[in-house]
Amino acid sequence: MSASLHRFLRALIPLLLLLGSVNTTAAQVSQQAASRQSVITGLPGPLFGLFVSSVAKLPSHAGSNEIRISGVGNGSSWTIIVLLTFLTLIPSLLLCMTPFARLLIVFHFLRQALGLQTTPTNQTLIGLSLVLTFFLMQPVGANVYQTSVAPLQNGDITAFQAVERGEAPVREFMLHYVREKDVALFVELSKEPRPASPSDLSMRIVMPAYILSELRTGFQIGTVLFLPFLAIDMIVASISTSVGMLQLPPVVISTPLKLLLFVMVDGWNLLVGSLMRSFQ
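If you're wondering where the values come from, they're calculated on a predicted model, not measured in any experiment.

Draft legend 1. Quick peek at the overall build of the chain. Assigned secondary structure in the chain consists of eleven helices and zero strands. The order of α-helices and β-strands along the chain, N terminus first, is α-α-α-α-α-α-α-α-α-α-α. Counting only residues that meet the buried cut, the chain has 24% of its 280 residues in that class. Counting only contacts in the chain whose residues sit at least 6 apart along the sequence, the fraction spanning at least 24 positions is 68%. When the accessible area of the chain is evaluated, it comes to approximately 19600 Å², of which 69% is carbon and sulfur surface.

So, in structure tokens, the structure goes:
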């Protein structure tokens with residue numbers, strides 16, 4: 001009997017302590033509320049009336065959590081979706097209107113020619129291509145800012161006029177490197193009348209023609225870059241086969257030789273310099 005009473009008391013003591021802490025907390029909360037009420041009721045008459053009127057003018061709880069955007073209704077939801085989708089495509093469009101594609105193709109050809117699968121990494125090649133693209137497109141970007149962005153910020157032109165003015169420098173840059181054959185192809189496919197001058201071509205024709213020309217140029221440079229390293233592979237394979245080293249793969253010997261040749265002739269400087277001069 002004494003053991004059961006002892007267990008009952010041990011279980012009852014924590015409950016009593018918990019109830020005591022709850023009562024203490026409730027007393028503290030009620031004391032704080034009473035102090036606030038005393039402060040509010042202790043205000044002078046004009047201030048107390050101003051406080052009551054301001055509280056009465058507060059919006060309800062249901063309306064305070066609402067966010068309303070003027071000019072956006074149910075009918076413009078599809079417009080917002082189309083606009084956001086177009087914003088996600090802007091980086092791809094800009095990269096296709098710049099030398100980025102040609103630079104990246106050449107760098108990937110170089111990595112394959114050296115026999116390296118992951119060195120330099122894709123992130124390194126993309127970063128190098130972006131930096132060189134920014135270097136080449138900086139004059140064009142400055143021209144676009146002066147002719148379209150700055151007047152738009154000053155309120156001198158509208159957004160559509162700014163787009164029209166900004167197209168001119170970019171179109172001039174792309175027309176400088178586009179092939180006439182590619183332009184003729186897309187003029188024929190678009191069923192548009194033959195333009196009197198290259199400046200009369202629309203961006204609908206210039207953009208795909210420029211991308212096609214850049215791909216062809218990148219593959220041409222990559223093929224020429226591939227030939228000397230291919231010659232090294234063939235020479236090493238023929239020598240290793242003639243001396244009877246059939247168990248040793250030729251790539252094990254040719255890869256260090258290609259890397260040694262590329263480093264000795266300062267290949268990165270020669271390659272990047274040649275690529276930059278091809279855009280001048």
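Draft legend 2. Geometry of unusual backbone geometry. Look at the link from Thr-119 to Pro-120: it is a cis peptide, with omega at -5°. Residue placement: Pro-120 occurs in the loop between helix 5 (100-114) and helix 6 (122-154). One non-glycine residue, Asp-266, adopts positive backbone phi at about 55°. Exposure remark for Asp-266: the relative accessible area of 43% places this residue in the partly exposed category.

Draft legend 3. Expanded view of the packing of helix 8 (residues 180-190) against helix 9 (residues 203-242). The interhelical angle for the contact between helix 8 and helix 9, taken along N-to-C directions, is 140°, at an axis separation of 9 Å. Comparing the axis directions of helix 8 and helix 9 gives the class oblique. Along this stretch, helix 8 crosses helix 9, giving a crossing that reads as right-handed. Taken together, the residues of helix 9 that come into contact with helix 8 (itself represented by Asp-182, Val-183, Leu-185, Phe-186, Val-187 and Ser-190) are Arg-204, Ile-205, Pro-208, Ala-209, Leu-212 and Ser-213. Here the residues of the contact of helix 8 with helix 9 sort into eight nonpolar, two polar and two charged.

Draft legend 4. Spatial organisation of the nonpolar core. Within the largest apolar cluster, 37 residues are counted, with the highest numbers of intra-cluster contacts made by Phe-107 and Met-174. Elements that contribute at least two residues to this core include exactly helix 5, helix 6, helix 7 (159-177), helix 8, helix 9 and helix 11 (267-277). A per-element tally of this core places helix 5 first, with eight residues. Those residues in contact with Met-174, other than ones at most four positions away along the chain, are Met-97, Met-203, Val-206, Met-207 and Tyr-210.

Draft legend 5. Broad picture of the packing of helix 5 against helix 9. Direction vectors running N to C along helix 5 and helix 9 enclose 20°, while the axes themselves pass 8 Å from each other. Between helix 5 and helix 9, the angle is such that the two are roughly parallel. Where helix 5 crosses over helix 9, the handedness of that crossing is right-handed. Note on element contacts: helix 9 touches helix 5 through Glu-214, Leu-215, Thr-217, Gly-218, Phe-219, Ile-221, Gly-222, Thr-223, Leu-225, Phe-226 and Phe-229, opposite Arg-102, Ile-105, Val-106, Phe-109, Leu-110, Gln-112, Ala-113 and Leu-114. Taken together, the residues that form the contact of helix 5 with helix 9 break down as twelve nonpolar, five polar and two charged.

Draft legend 6. View of helix 7. With 19 residues, helix 7 extends 28 Å from end C-alpha to end C-alpha; this agrees with the ideal 27 Å at 1.5 Å per step. Those residues of helix 7 that sit buried are Ala-162, Gly-166, Pro-169, Val-170, Arg-171, Phe-173, Met-174 and Tyr-177. Tucked into the core, helix 7 has its buried residues touching helix 5, helix 6 and helix 9.

Draft legend 7. Structural detail: the pattern of salt bridges. Counted under the stated rule, the structure contains four salt bridges. Taking the shortest distance from any N to any O, the salt bridge between Arg-179 and Asp-182 comes out at 3.0 Å. On the basis of relative accessibility, which here comes to 27%, the residue Arg-179 falls in the partly exposed class.

Draft legend 8. Looking closely at the packing of aromatic side chains. By the definition in use, this model includes seven aromatic pairs. Measuring from centroid to centroid gives 5.3 Å for Phe-109 and Phe-219, while their planes differ by 80°, and the two rings are edge-to-face. Of this pair, Phe-109 sits in helix 5 while Phe-219 sits in helix 9; the two residues are 110 residues apart in sequence, bridging distant segments of the chain. A relative accessible area of 44% places Phe-219 in the partly exposed class. With 5.2 Å between their ring centres and 65° between their planes, Phe-173 and Tyr-177 make a pair best called edge-to-face. Taken together, the residues span about one helical turn, with Phe-173 and Tyr-177 both in helix 7 at a distance of four residues.

Draft legend 9. Region of interest: a nonpolar patch on the surface. Together, Ile-80, Leu-83, Leu-84, Phe-86, Leu-87, Leu-89 and Leu-93 give the surface a local cluster of nonpolar side chains, amounting to about 630 Å² of exposed area. On the secondary structure map, Phe-86 appears in helix 4 (residues 77-96). The exposure class assigned to Phe-86 is partly exposed, which follows from its relative accessible area of 45%.

Draft legend 10. Local environment of helix 9. Spanning 40 residues, helix 9 covers 58 Å between terminal C-alpha atoms, matching the ideal 58 Å at 1.5 Å per step. Where helix 9 bends most, the angle comes to about 30°, and this point is Leu-227, followed within four residues by the proline Pro-228. Backbone geometry just after helix 9 places Gly-244 at a positive phi near 90°.

Quick notes on the rules
- Residues numbered from 1 in each chain as written.
- Predicted model: local features only at pLDDT ≥ 70, side-chain atom pairs only at ≥ 80, totals over all residues.
- Heavy atoms only, no water.
- Helix = DSSP H or I, 4+ residues; strand = E, 2+ residues; numbered from the N terminus.
- Buried < 20%, exposed > 50% of the residue type's maximum accessible area, 1.4 Å probe, protein only.
- Contact = heavy atoms within 4.5 Å.
- Areas by Shrake-Rupley, 256 points an atom, 1.4 Å probe, with all protein chains shown as cover.
- Axes fitted to C-alpha atoms, helices over the stretch in contact; angles between N-to-C directions.
- Parallel < 35°, antiparallel > 145°, perpendicular 65-115°, else oblique.
- Left-handed = near helix turned anticlockwise from the far one by under 90°.
- Nonpolar A, V, L, I, M, F, W, Y, C, P; charged D, E, K, R; others polar.
- Core = buried A, V, L, I, M, F, W, Y, C linked by side-chain atoms within 4.5 Å.
- Expected span 1.5 Å × (residues − 1).
- Salt bridge = Lys/Arg side-chain N within 4 Å of Asp/Glu carboxyl O.
- Phe/Tyr/Trp six-rings, centres within 6.5 Å; stacked < 30°, edge-to-face > 60°.
- Patch = residues over 30% accessible without salt bridge, like charges linked within 9 Å, V, L, I, M, F, W, Y side chains within 5 Å.
- Bend = angle between axes of the 7 residues up to and from the residue.

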